[in-house]
Amino acid sequence: MGRDALRVRATQSPLIQVSVGQVTGLVPEGWVAAPLAGTGAQHGFIASPRPQPFGGSTLRSGLTAGWVDATEVGVPSDYFYLAATGPLLSELLGREACEVRDTEVFVDREPAYLDGGYGSPGDFVARGRGICVTPAGLRHRWSYFVAAPGFGPVRELGITRSGLYVA
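What counts, and where the lines are drawn
- Residues numbered from 1 in each chain as written.
- Predicted model: local features only at pLDDT ≥ 70, side-chain atom pairs only at ≥ 80, totals over all residues.
- Heavy atoms only, no water.
- Salt bridge = Lys/Arg side-chain N within 4 Å of Asp/Glu carboxyl O.
- Buried < 20%, exposed > 50% of the residue type's maximum accessible area, 1.4 Å probe, protein only.
- Pairing = 2+ DSSP bridges.
- Helix = DSSP H or I, 4+ residues; strand = E, 2+ residues; numbered from the N terminus.
- Axes fitted to C-alpha atoms, helices over the stretch in contact; angles between N-to-C directions.

1. Focus on the pattern of salt bridges
For the structure on display, the rule yields three salt bridges. Across the pair Arg-101 and Glu-99 runs a salt bridge whose closest N-O atoms are separated by 3.0 Å. Taking the relative accessible area as the measure of exposure, Arg-101 reaches 42% and is therefore partly exposed. Glu-99 sits in the partly exposed class, given a relative accessible area of 42%.

2. Notes on the sheet that holds strand E2 (residues 15–20)
In space, the three strands of this open sheet follow the order E1-E2-E3, with antiparallel pairing throughout. Of all strands in the sheet, those bounded by a partner on one side alone are strand E1 (6–10) and strand E3 (23–28). Direction aside, the axes of adjacent strands within the sheet are offset by 25° on average. In this sheet, E2 lies alongside E1 in antiparallel orientation, the contact comprising five bridges. Paired with Arg-7 across the strands is Ser-19, a residue of E2.

Shown next as structure tokens:
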């Protein structure tokens, strides 16, 4: 089985465990899961109750969980801080039809080149939730978790090669 092979395992609940590499999550039985498509540095999976592809303007129920292998990308971890605090979620958070209900930033240590203190690790960890409304009036709840561990202690909590986590 390859490094990013999809593994599905039953649990003692109405959820199934989906794993791709080091990324594992629980989704409802009957959902369809597939490995993330993209660069070799991106690892994880998408899962949905409907097997149609994600994307486009149609909102779909589902889960995307992944991480970026910083050793394969070849950029300093400080740049993942920029992605996590800026454009990563801008398509969702910037939509007119979407309202942010709650955000919580757990760690925000700016890298030194962004006016963080000398030797700052450049860590960022946050979560948020909200609601999007389709033109037909359907309401979709959403939530996210994002972490960009710099070279400091936050890196020790997860996958040591990760530059960015998103769920």
